[in-house]
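Descriptive structure summary
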Amino acid sequence: LIMYRIKRFSLRNKRDEFTHATQKKNVDSILKRGLLGTKSHSKDSITNMSRNVTGSKKNLVYLSNDGRSSKMIKKVCDEFLGGGVILNISIPHEEFKKMKVVDNPELLGSKNYDDFINRYRNKYKRSLSKSKTPSKEYYDIMSRGTTVIEGDIPPEYIKESPKYTG
């Protein structure tokens, strides 16, 4: 089930608009080579630093539809990982339609917030205190506020890249 996603679409130039947050140390490589899905499963991937949730899907790129998840990730990078950067992604709509959009593995296949909490408890085999339970806001950001692409995003779609073709 791929949940309804709120994404920015520019009617003027027929492009789908997203953001992506990363550690500062990754920016030069991303601007040259693009966002490589194979990096999502590495041990220093932001997703895998807190929980190993990507499982067998090793070729994923996370994009923020409304900027909330990028801001959340940038804050983590700023506080703990030497700084973060938010990149702007602009994909021609016809190209975006060819990309494989997949469910966010961080949601553990859940259909709603209550289902997510139950799956989360089962996966991590613990009862969750109120302070350790992922919030409804987190669930909303990861479901409706995030698009996950299986594959790569070339540098031609990253506005900060010298290779950007917008």
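The structure we're discussing is the one just above.
Thresholds, definitions, all that
Residues numbered from 1 in each chain as written. Predicted model: local features only at pLDDT ≥ 70, side-chain atom pairs only at ≥ 80, totals over all residues. Heavy atoms only, no water. Salt bridge = Lys/Arg side-chain N within 4 Å of Asp/Glu carboxyl O. Helix = DSSP H or I, 4+ residues; strand = E, 2+ residues; numbered from the N terminus. Buried < 20%, exposed > 50% of the residue type's maximum accessible area, 1.4 Å probe, protein only. Axes fitted to C-alpha atoms, helices over the stretch in contact; angles between N-to-C directions. Contact = heavy atoms within 4.5 Å. Nonpolar A, V, L, I, M, F, W, Y, C, P; charged D, E, K, R; others polar. Core = buried A, V, L, I, M, F, W, Y, C linked by side-chain atoms within 4.5 Å. Expected span 1.5 Å × (residues − 1). Polar contact = N/O pair within 3.5 Å; in protein donor to acceptor, adjacent residues only side chain to side chain. Phe/Tyr/Trp six-rings, centres within 6.5 Å; stacked < 30°, edge-to-face > 60°.

1. Side note on the pattern of salt bridges
All chains considered together, the criterion is met by nine salt bridges. The closest approach of N and O atoms between Arg119 and Asp115, which form a salt bridge, is 3.0 Å. Placement of both Arg119 and Asp115 in helix H5 (residues 113-124) is noted, with a separation of four residues, approximately one turn of the helix. Across the pair Asp140 and Lys136 runs a salt bridge whose closest N-O atoms are separated by 2.9 Å. Highlighted residues: Asp140 and Lys136, both in helix H6 (residues 136-143), separated by four residues, approximately one helical turn. Classification of Lys136 by relative accessible area gives partly exposed; the value is 41%.

2. Description of the packing of helix H3 (residues 68-80) against H6
Relative orientation of the contacting elements H3 and H6 amounts to 115°, with a least axis distance of 9 Å. Contacts between H3 and H6 involve Arg68, Ser69 and Met72 on the former and, on the latter, Tyr138, Asp140, Ile141 and Met142. For the contact of H3 with H6, the per-class residue count stands at four nonpolar, one polar and two charged.

3. Concerning the nonpolar core
Grouped burial of nonpolar side chains is what soluble globular proteins tend to show. Counting 16 residues, the largest nonpolar core has Leu35, Leu63, Ile89, Ile91, Met99, Ile153 and Ile158 as the members making the most contacts within it. Of all elements in the fold, only helix H1 (27-33), strand S3 (60-64) and strand S4 (84-92) reach the threshold of two or more residues within this core. Non-local contacts of Leu35, meaning those with residues more than four positions away in its chain, are made with His20, Ile30, Val61, Leu63, Ile89, Asp152, Ile153 and Ile158. Membership of the second largest hydrophobic core comes to nine residues, among which are Tyr113, Phe116, Ile117 and Ile141.

4. Describing H5
The first and last C-alpha atoms of H5 sit 16 Å apart over twelve residues, in line with the 16 Å expected at 1.5 Å per residue. Residues Tyr113, Asp115, Phe116, Ile117 and Tyr120 constitute the buried set of H5. As for H5, its buried residues are in contact with H6. Where H5 begins, the capping side chain belongs to Asn112, and its oxygen is found 3.2 Å from the backbone nitrogen of Asp114.

5. Some thoughts on unusual backbone geometry
Positive phi values are uncommon outside glycine, yet Leu108 reaches one of about 60°. Here Leu108 lies in the loop between strand S5 (100-102) and H5.

6. Some points on the environment of Glu137
Inspection of the secondary structure assignment puts Glu137 in helix H6. Judged by relative accessible area, which is 52%, Glu137 ranks as exposed. Between the C-alpha atom of Glu137 and that of Tyr113, which follows or precedes it by 24 residues, the distance is 9.6 Å.

7. Focus: H6
Most of H6 is tucked away, with six of its eight residues classed as buried. Here H6 has its buried residues at Tyr138, Tyr139, Asp140, Ile141, Met142 and Ser143. Structurally, H6 contributes buried residues whose contacts are with H3, H5 and strand S6 (146-150).

8. Quick word on the packing of aromatic side chains
Going through the model one piece at a time under the given rule, you end up with five aromatic pairs. Aromatic pair Tyr113 and Tyr139: ring centres 6.0 Å apart, planes at 65°, arrangement edge-to-face. A residue pair is termed long-range when its members are at least 10 positions apart, and Tyr113 in helix H5 and Tyr139 in helix H6 qualify at 26 residues. Judged by its relative accessible area of 4%, Tyr139 falls in the buried class. Taken together, the aromatic side chains of Tyr113, Phe116, Tyr120, Tyr138 and Tyr139 make up a single cluster linked through ring pairs.

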